[in-house]
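Tertiary structure, described
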Amino acid sequence: MFPTNHKTIFVLDHTPYFGISSDNPIDFDVSKSRGPGYVSLPPVCKSLWTCSVEAAVEYCRIVWDLFPDGKLIRFVVSDSAAHILNTWAVAQQNLTHILNGLCLVGPVRRGAGGDVVGLCAAIESLGEPSPTQSSRPTTERHFQNRGRIICITSARDDDSIRSLAEIALNTLMQQNKKASTIQPTPSTETTPSPQSLVVHYCHLVIVNVTPEKAETRVNNQPLTEMGGGLMSVEVIVSRASALANLLGRLVLPHYKLATTTVTGIPMKEEQNASSSANYDVEIIHSAEAHAGLRAAQTAAEALESVVLRWWTPRGAEGGASGCSGPLWRVTPADVASRPSACLVNFLLNGRSVTLEVPRKGGGRSASHVLAAQGGELWIGALGGRTPYDDPPALSEGVGGRVTDYRIKEFGALMQQKKLHPLRGAGANARARSKLQRHTTYWPLTISSTLIFNLGSIMEPLTRLVVQESLTDDEVDACRGVLLSLLGMESRHELPSAQLPSNMRGKWSGRREEQWRQVWGELEALVRAHSASPAHRALLRTLLDCRAHNHAPDGESRATVIRATTDSPLSPVGAGNGANSGDVWAPRNVLDTLLGTPRPARRPDFAGRMAAGNRIATLYQHLQQDVEAQH
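Residues numbered from 1 in each chain as written. Predicted model: local features only at pLDDT ≥ 70, side-chain atom pairs only at ≥ 80, totals over all residues. Heavy atoms only, no water.

Right, let's talk about the overall build of the protein for a bit. Scanning the protein from N- to C-terminus turns up 18 helices and 17 strands. Burial analysis of the protein (630 residues in total) assigns 39% to the buried set. Residue pairs in contact within the protein that sit at least 24 positions apart in sequence constitute 69% of those at least 6 positions apart. Taken as a whole, the protein presents about 35800 Å² of accessible surface, with 53% of it coming from carbon and sulfur. (Helix = DSSP H or I, 4+ residues; strand = E, 2+ residues; numbered from the N terminus. Buried < 20%, exposed > 50% of the residue type's maximum accessible area, 1.4 Å probe, protein only. Contact = heavy atoms within 4.5 Å. Areas by Shrake-Rupley, 256 points an atom, 1.4 Å probe, with all protein chains shown as cover.)

Right, let's talk about the pattern of salt bridges for a bit. Considering all chains together, one arrives at eleven salt bridges under this definition. Residue K46 is joined to E54 by a salt bridge in which the shortest nitrogen-to-oxygen separation is 2.7 Å. For E54, a relative accessible area of 40% gives the class partly exposed. Where E523 meets R546, a salt bridge forms, and the shortest distance between an N and an O atom there is 2.2 Å. Of this pair, E523 sits in helix α13 (residues 511-528) while R546 sits in helix α14 (residues 533-549), and the two are 23 residues apart along the sequence. Overlapping salt bridges bring together E58, R61 and D65 as one network. (Salt bridge = Lys/Arg side-chain N within 4 Å of Asp/Glu carboxyl O.)

As summarised here, the arrangement of the seven strands in space is β5-β4-β1-β6-β7-β9-β8, forming an open sheet in which the pairing is mixed. Every interior strand has two partners, whereas the edge strands, β5 (82-84) and β8 (221-226), have only one. On average, each strand axis in the sheet is inclined to that of its neighbour by 20°, with strand direction left out of account. As paired elements, strand β6 (residues 146-153) and strand β7 (residues 201-210) share eight bridges and run parallel to each other. By the bridge assignment, R148 is partnered in β7 with H203. (Pairing = 2+ DSSP bridges. Axes fitted to C-alpha atoms, helices over the stretch in contact; angles between N-to-C directions.)

Taken over all residues, the pLDDT of the protein has a mean of 78, while the share at 70 or more is 74%. Here residues 315-319 scores under 50 on pLDDT; set against residues more than four positions off or in separate chains, the count is eight contacts. Note on residues 384-389: pLDDT is under 50 here. Beyond four places in sequence and across chains, it has twelve contacts. (pLDDT = per-residue confidence, 0-100.)

Considering the arrangement of structural elements, one finds T541 in helix α14. Here T541 falls in the buried class, since its relative accessible area comes to 17%. With residues near it in sequence (within four places) discarded, T541 still touches R479 and L482.

Put into structure tokens, the structure is as follows:
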């Protein structure tokens, strides 16, 4: 119920050793106008205590920016005594309270002490219930009191680290033993929560800090379980100058966060307002925002920053409300940098920014949007969890060539064939059958069809034949179109004026072939929609017209019609059979082969028949004839 990051405790070593220099000089003199006699200021170095405080405070800033509620952090300063700076109360979970407490503690002083007393106090603080835990009974099935302790200290060697971990484990076991004796019985579930809870799991992170030039005998140690899984100890060695970056990386797996580098941000230069340069800003947010970009990411990839490119901002009317998907809070990784401050101010002014995945081959793929809402920064994923490349335009073929797709006709087909929920039995079958009938013959490109390029010459046949039923007047109108085409073919007229300019040259020199294509397309179109008696009557008329002008010399029209309908590849029943009205049913080659009468089986070999079940001997009298000749 309560994850490990629900309660986190920082133990800061305040012993005299942390008062030494970090040996990382910082140029304090930033003045650029150095006249004669100017004495430059020497560089300064932070102490180990200052580096520890800054790194821990930056860790807290990231957590509290992204999780205003539910993620609690306490500070324990350890020297001769344990100084607890705050409690689990929500009112004390802010940087102002922590910084005020650190001011009261003051700088490092001389004296005895160590980190053991602070570590023991931190383990006792884990046993204190948080406000959320106090509102729930401890007897719930999934109630788990877990937490994390980050101890920033400096030890001599690995044995000292091991001893520190054993002290923490013994203290934890004693605390659990003490807390278990005062746990309420199951019959008193409604009693208030106890003052001390059993700690079910503790993640102890020991960060060993050393100056820049000092040698250390402490080594990094991976996560190791102790006490039968009651505690896990992890040891990390860091220089004081790299401590802030280290905790900035640790906060990512601790709270399941990820980073995004917004690249290509146009910004005005301070020295020259008329010029601009592109900057990069790293932001931190929940790792779920990258779920679409890294569906199966490894632990190493989770620590890497995803690079997204700045797109032109949408304007004040955009905002986070323009993103229909989930939103996650955002905080900059470096709040002190000028590019981060400019980006934050830009978003807080009501502007939103679209981020895109950089593509080597060109094109844009918008993936996320950055915006401010309610005084907080948010990031949202666009178009679901997985961003896809922008699909190419329908009019662009392979290699960028513009093809001749029938785009307008295809759009009209989609509008007419919208699928709506229907009631009653067989509704899906009727819808599927209608779509199948309308797409059985539907040319995709302009150059692959002639009848759909003839325009008014084919009207109203191409418009009426796609209907489910036809009236007598509509059948007569379609027959008139067929007779008109028949007359044009007889007069050797070419309707080239109706064709597009890129197809007019194809009509010259191939007249018979083009008319054969026209009649073939008409037959395919009418046959695909021949589901009613009117359509079948129109198909018979079309077959008569097609056979009339393609008859061999000397044959009558009736002979040509009879020869065409009696062909094995003609529609079933197209001849003089009893079912001559079913001309719409196609007959394929398989049906023709199966319907062909088989010839009588040839007689079997006489030798095999005489041998019966024995092996037949070929040329059994050949040897006898040779001996007779001799």
